[in-house]
Amino acid sequence: MRIAVLLPCYNEELTIGKVVADFRRELPDATIYVYDNNSKDRTAEIAREAGAIVRKEIRQGKGNVVRSMFRDIDADIYVMADGDDTYPAEFVHELIQPVLAEEADMVIGDRHSDGSYEHENKRPFHNFGNHFVKGLINRLFHSGLRDIMTGYRVFNRRFAKTMPIKSEGFEIETEMTLHALDKRFRIVEIPITYRDRPPGSESKLNTFSDGLRVLKTVFWIFKDYKPLAFFSIIALILFILGLIVGIPVITEFFASGRIAKMPSAILAVGFMVLATNALTCGFILDTIVRNHRDQYELMQSGYRG
């Protein structure tokens with residue numbers, strides 16, 4: 001059983017040596033890969049000295065790093081964590097077990113169940129953003145996941161080799177979760193303890209810009225994976241606007257037999273036409289998405305790894 005530990009890194013010289021050593025202690029037979037994403041410090045050098053295989057990804061962004069990792073590395077089990085020492089390596093055995101037992105395609109290290117993320121994380125907007133995105137995705141996909149955006153995950157080979165990665169940055173975790181939900185992969189959550197970065201180590205996350213990118217990812221995936229619901233909402237909004245503008249025109253017509261508010265009448269008709277077009281687009285795209293999902297299932301059925 002080949003196990004690969006994947007550690008995307010950008011300027012993590014303070015912690016990467018310890019992270020590699022911790023995973024080496026827990027998984028002595030695993031191969032540890034550190035992908036250096038244009039670090040300006042000694043991250044690559046320290047990781048290499050600690051015994052990791054170091055590779056370079058010149059395209060900036062965690063999504064680009066994970067894409068290269070999944071494409072380049074062959075293994076039976078993929079363990080993904082961060083190089084900032086926020087995810088304890090000792091939990092890796094619990095995360096691997098459901099994949100080994102063939103009970104899960106992706107195992108998520110849940111930071112929220114024990115309250116450690118809220119306690120350790122000193123950025124309140126990050127906590128709010130995590131809960132907001134979690135609620136949005138759980139409602140959208142009728143799921144009950146507790147941690148959508150954790151970076152501590154374990155995958156089997158099937159998931160790693162068949163997931164199309166489109167994200168470039170830190171929204172990659174959200175994309176992986178959404179993909180697993182949409183394609184009905186087996187997901188298991190294991191509670192873990194989260195710890196904040198040590199003093200001197202700085203987070204690469206930006207609360208507002210990364211939050212907007214995550215919301216943008218959710219928006220586009222909602223449109224791409226749930227087009228009928230997406231365009232039905234747009235159609236409903238346009239329909240209501242058409243009624244608001246059109247009801248006074250209709251009322252006036254029945255009262256006087258004429259239409260004096262011609263611009264309002266044209267605007268109302270326009271809203272109704274747009275609502276009809278939006279609903280039609282939703283039905284057409286929903287058929288295409290269902291066909292794509294069927295093709296993906298057939299590809300999975302024929303997957304041999």
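My aim in this report is to walk through the structure given alongside it, one point at a time.

Cut-off values and rules
- Per-chain numbering applies: the sequence of each chain, read as written, is numbered from 1 onward.
- Whole-chain, interface and lining totals are the exception, using all residues; otherwise, since this is a predicted model, local features are given only for residues with pLDDT of at least 70 and side-chain atom pairs are given and counted only at 80 or more.
- Remark: hydrogens and water are excluded; side-chain values derive from all non-hydrogen atoms of the structure.
- With a 1.4 Å probe rolled over the protein chains alone, any residue whose accessible area is under 20% of its type maximum counts as buried; one over 50% counts as exposed, and the rest are partly exposed.
- Each helix is a run of H or I in the DSSP string that is no shorter than four residues. Each strand is a run of E no shorter than two, and both are numbered from the N terminus.
- What makes two strands pair is DSSP finding at least two bridges between them.
- Think of it this way: a Phe, Tyr or Trp ring, Trp meaning its six-membered ring, pairs with another when their centres are within 6.5 Å, and the plane angle makes it stacked under 30 degrees, edge-to-face over 60, tilted otherwise.
- Charge-over-ring placement is defined geometrically: NZ (Lys) or CZ (Arg) within 6 Å of the ring centre, and within 35 degrees of the ring normal.

### Observations regarding the pairing of strand 4 (residues 77–80)
Moving on, step 1. Judged by which residues are buried, strand 4 turns out to be covered on both faces: Ile-77 and Val-79 on one side and Tyr-78 and Met-80 on the other are all buried.
Moving on, step 2. The sheet contact formed by strand 4 and strand 6 (residues 153–156) spans 4 bridges and is antiparallel. For Ile-77, the partnering residue across the bridge sits in strand 6 and is Asn-156.

### Things to note about the packing of aromatic side chains
Moving on, step 1. Following the criterion strictly, the structure yields 11 aromatic pairs and no others.
Moving on, step 2. Measuring from ring centre to ring centre gives 5.9 Å for Tyr-87 and Tyr-194, while their planes differ by 70°; the resulting arrangement is edge-to-face. Highlighted residues: Tyr-87 in the loop between strand 4 and helix 4 (92–100) and Tyr-194 in the loop between strand 7 (187–191) and helix 9 (207–225), separated in sequence by 107 residues. In this structure, Tyr-87 and Tyr-194 share a single accessibility class: buried.
Moving on, step 3. Summarising the aromatic geometry, the rings of Phe-222 and Phe-230 are spaced 5.6 Å apart at their centres and angled 90° between planes, so their arrangement reads as edge-to-face.
Moving on, step 4. Classification of Phe-230 as buried rests on a relative accessible area of 10%.
Moving on, step 5. In this structure an aromatic cluster arises from ring pairing among Phe-70, Tyr-78, Phe-155, Phe-159 and Phe-185.
Moving on, step 6. Above the ring of Tyr-194, the side-chain terminus of Arg-111 is found at 5.9 Å from the ring centroid.
Moving on, step 7. Positioned over the ring face of Tyr-225 is Lys-183, at 4.5 Å from the centre of the ring.

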